[in-house]
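Residue-level structural notes
As a plain string of letters, each chain reads:
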Amino acid sequence: MADAGEPRRAFRRDGDTLADASREVDEELRIHLEWVAEELIAEGWAPAEALNEARRRFGDVEATRSYCIAQSQRARRWGRWRMGWDGWTQDLRYAFRTLRKAPVYAFVVVATLAIGIAANTVVFSLMNPYLFRPLPFAEPDRLVQIGGYDPTEQWDGGRFSVPQIEEMGARARSIDAIAGYYYGTVNLNRSDGSERIEASWFRGPLFDVLGSTPILGRTFSAEDALGEGAPVAVIGEQLWRTRFAGDPSIVGREVVLDGSPRTVIGVMPADFTFPFGGIGIWLPMPAEAGVADRAWMSLHPVARMTSGATREDLRLELDAWVEENAPIWPDLDGRYSATSVKGLREALNFAWSILPIAFSLLLASVAFVLVIACVNVASLTLARAGTRRREIAVRAAIGAPRRRLVGQLLTEGFLLAGVGGAVGVAISWVAARGLNGVIPPELFKVGEVSLDGRVLVFSAAVTLLTPVFFALIPAWKVARAPLSRTLKDGGGGGESATTLRARRILVVAEVGLALVLVAGTGLMIRSLTEVTRIDLGFDAERVLTAALSPDAEAVSNAEALDAFWDEVVLAVDALPEIEAVGTASHLPLNHETIPVRFASIDTGVGALDGWPGAYTSRVDGEFFSSMGLPLRSGRLFDASDDVASGSVVVTRAMADRLFPGSDAVGRTVLYGSASSTEPIRGTIVGVVDDLRYDRLDGAARPHLFRPIEGSLSRRRFLAMRVRGDAAAASLAVRDALSAVAPDVPASLRPMGEIVRENTLLWAVSSLFLGVFGLVAFGLAALGIYGLISYSVAQRSREMGLRMALGADAAALTRSVVAEGLRLAGIGLAVGLVVVVGAGLAFERILVDQGILYGVGVTDPVTLTVVLGLFLTIAAGASLMPARRAAGADPVEALRGE
Amino acid sequence: MGRRIGGGVLPGTADLLILKSLSEGPAHGFGISKALRTRSEGVVELQDAALYQALHRMARKGWVTSEWGVSDQGRRAKFYSLTPAGERRLAQEEEDFRRYIQGVFRVLQGPA
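Residues numbered from 1 in each chain as written. Chains lettered and ligands numbered in written order. Predicted model: local features only at pLDDT ≥ 70, side-chain atom pairs only at ≥ 80, totals over all residues. Heavy atoms only, no water.

Within chain B, the secondary structure is distributed over four helices and three strands. Listing each helix as α and each strand as β along chain B from the N terminus yields α-β-α-α-β-β-α. For chain B, with 112 residues in total, the buried portion stands at 40%. Across chain B, every contact between residues at least 6 apart in sequence was considered, and the portion connecting residues at least 24 apart equals 55%. Counting every atom, chain B has about 6500 Å² of accessible surface; 53% of that belongs to carbon and sulfur. The positive charge centre, built from 17 side chains, and the negative charge centre, built from 12, are 6 Å apart in chain B. (Helix = DSSP H or I, 4+ residues; strand = E, 2+ residues; numbered from the N terminus. Buried < 20%, exposed > 50% of the residue type's maximum accessible area, 1.4 Å probe, protein only. Contact = heavy atoms within 4.5 Å. Areas by Shrake-Rupley, 256 points an atom, 1.4 Å probe, with all protein chains shown as cover. Lys, Arg positive; Asp, Glu negative; His and termini not counted. Charge placed at Lys NZ, Arg CZ, Asp CG, Glu CD.)

Let us look at helix H19 (residues 558-573) of chain A. Side chains of residues three or four places apart in an α-helix project in the same direction, reflecting 3.6 residues per turn. Residue and element names in this part refer to chain A. Here H19 spans 22 Å end to end across 16 residues, near enough to the 22 Å set by a 1.5 Å rise per residue. Every buried residue belonging to H19 is among Ala 558, Leu 561, Asp 562, Phe 564, Trp 565, Val 568, Val 569 and Val 572, and all of these are buried. For H19, the angular spread of buried residues about the axis comes to 160°, placing them on one side. The exposed residues of H19 that point more than 90 degrees off its buried face are Glu 559 and Leu 570. (Expected span 1.5 Å × (residues − 1). Arc of directions from axis to C-beta.)

Take the interface of chain A and chain B next. Counting from both sides, the interface comprises 23 residues of chain A and, opposite them, 22 residues of chain B. Approximately 2300 Å² of surface area, both sides summed, lies buried where chain A meets chain B, with 57% of it carried by carbon and sulfur atoms. Applying the counting criterion to the chain A and chain B interface returns four salt bridges. For B:Arg75, the salt bridge goes to A:Glu38, with nearest N and O atoms at 2.1 Å. Run the count over chain A and chain B and you get twelve residue pairs in polar contact (both at pLDDT 80 or more). (Buried area = accessible area lost by both parts, 1.4 Å probe. Salt bridge = Lys/Arg side-chain N within 4 Å of Asp/Glu carboxyl O. Polar contact = N/O pair within 3.5 Å; in protein donor to acceptor, adjacent residues only side chain to side chain.)

Take the sheet that holds strand S1 (residues 27-28) of chain B next. All names here are of chain B. The sheet built from three strands is open, its strands ordered S1-S3-S2 with antiparallel pairing. Sheet topology places S1 and strand S2 (64-70) at the edges, where each strand pairs with a single neighbour. Sheet analysis places S2 next to strand S3 (residues 76-82), joined by seven bridges and oriented antiparallel. When the sheet's bridge partners are listed, Gly 69 is paired in S3 with Ala 77. In the packing of helix H1 (residues 14-22) onto the sheet, contacts are made with S1, S2 and S3, and the angle to S3 comes to roughly 100°. (Pairing = 2+ DSSP bridges. Axes fitted to C-alpha atoms, helices over the stretch in contact; angles between N-to-C directions.)

Next comes the structure, spelled out in structure tokens:
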């Protein structure tokens, strides 16, 4: 580096230091004082006195010195900044000019980066409301939800009763304030029809605990919260805007809920999504609902901790409380062996266990896409740097410092990434809005999926980091390239062997990375197909469901309820579009399960929580036929079976478990909830096929059906087997229902839709991975194409010569395609090792979390298809430039250059 | 930093006087000091401390630039010269001062 010295000295002279400033001021003042002193001596002053006199006449020398130094240093700092800025804007203008001369390069780079940055921005903005955006409550770090840990269910979200929650508040010193809540649905009755809305009931100072204020009116007073005063309600902004047209005088208005009037006292802002989005109304828990009953353990306690207290402190205090009370109330407090104290974000999100995993997978795949995009751009930039070597070498030779040259290449990178980032953010802005519909609103989130400041900061960081990936490699090469050689080369754009090797390595890496993503997509799609192929045990396809819940006022006893439902069933059954109609308390795969323990008389010893587990629901006999759940032996429920009859129908899994190898019909089953002390006796009247009830994957759990006739559950489902067109049937059912029960809102859903909700994890993952896989695949193909056409262009002279010497065009084409396939092959081998290695390392997690279903990470079918796909596209991508080269006129090729 | 300016000049006029004397060409601090005294026949006497403070302040503001050079007498010195921004400033200050002085005179003449 013979020429390194000169630029460095030039650089130092420009940017002189702050110490130089004080030296210069000192010198300037010294010269001035000496000058004055000389004049004084000439006027006749004694030389010894002259300098003192000069200083005296000058004024305050010290103050002036420090003032001047300060001014001069400020000026220098500003000057240095200005110089940097000027240099940078000059680089920017230069970058603009050079890029204008290479519009194709600029377009491809910007488009590639935009896709990479958009993918990352979209995924981050998707994660933001679930994981990062602050909760809309005051000091959210102090808020916790308390759950009981039930060792038999291995479930840590156990609920508590009002007396228990009040005791916790009085007992735990870490608790500042505590309240309890539960949620469900109510009918909102209006003159133009009723509808079912989601509601949350609470006990205690819930709104003070959360620290949230309404946008209109007030929240509950202590008296309201006890449910003792006049009936009141607070509604959500969403409900206020959609159902009450944003009526500004809503406060004080009356609404009718389940047939009884209440006064609206306030409206909560849209971002108050407690306990999750979609809750439209908050109500004090009714006083008669068991506020003094310790056994009514139906509330989730939510507490504000005292400042400084930790969750661990609180948990220890509560564990001590549980331990103390367990022996006193073994059936109640004794149900729990400990407590869990969770932050609200975690506690309120039903999908918390899979969400971070799903998001990390997403983020990992988009990071891959970004890296592939950067690799592609780096490869292109390297190629360009190769052709620009002469220009750069000339500029270096006429004295441009290397630092500036590298800075220029980086500036070009930042410019491209900046434009790419801006385009990417614009794409994400559109995409993010579309995503809000994909994820169900019941997953607790803060605000909508949208681009907020946090997302933009993230995107800006990605955009700024990107050029570091793709522009530094060429910049580094330029900084190292020996000048003389480049100039001597003639610099006709000949690419050095190392550059070409670097590009090959990048393409190999790109193919490998893309393979990982595409293979992941393949596995996800295979899982999705496997999941949709699962035999549910029933035939969901032609079943329409409807949920109805008559107002409490209208059906106060079992007889009135049965009469209501008989009327409804009769009306629907009369429709020609309906083949069969049954009723049920719960539907399979509808995210509601009632667990139960069961045993035969012989095996039913000891506490129930040691017995095997099953789910239970109440149905009528027609439910089985309308769902298409076949009877295996015995009979279905008939008119004689009601709550009091004790008849039950069990699934095959339960029958086999109870009475292996013998007929279960006519025998007795003991069952009850895990916490009950005395089991209920049931007589098995029939055995039906197994069905998927709580989830699609995994083994079918045993199920116990009980008669619905005479039960007190107001909300029931109709399961209707449709004849002919489903949409027409849906309309007919809606008409029939509004004729027979005009005040009762009905929500109609095809059973198939409910089933498909259970495939959401796989469907969404397939969709996302699919999009990213496709992008990565396309980028890799582009990478191969770019490299091969570049190397063919480089070799056009050689090829022309070989053609002129009589080489076979087909053989030439084959050799070029072989080069492309070799690169792809190496990339695929590397990618395969990563897929199999990483796959095996994470297989346990992937399978346990149900992310992969019915397929292993090394699924040969998927891998074969994916490899075949890649080799085909690699051959295609190299064939195009190869054809072009082989078809070229040898004379032209030789003359070129 | 007006506290250092005083004695021989009206407050606020130091910048104007220095810029004016630089408008005839580059000069060092000692030269400016002498020129002001000579030109005003001893009436204007700007203290050297105030002069140098004003020069550095105006250099920071970009009204003047400085450069080391050699004086007529062969002495090394720092020479100050007006920048275009300094010329604009000088015109502005002159105008302001003229208007001020005219106002003062009008007051001194008393009511018409």
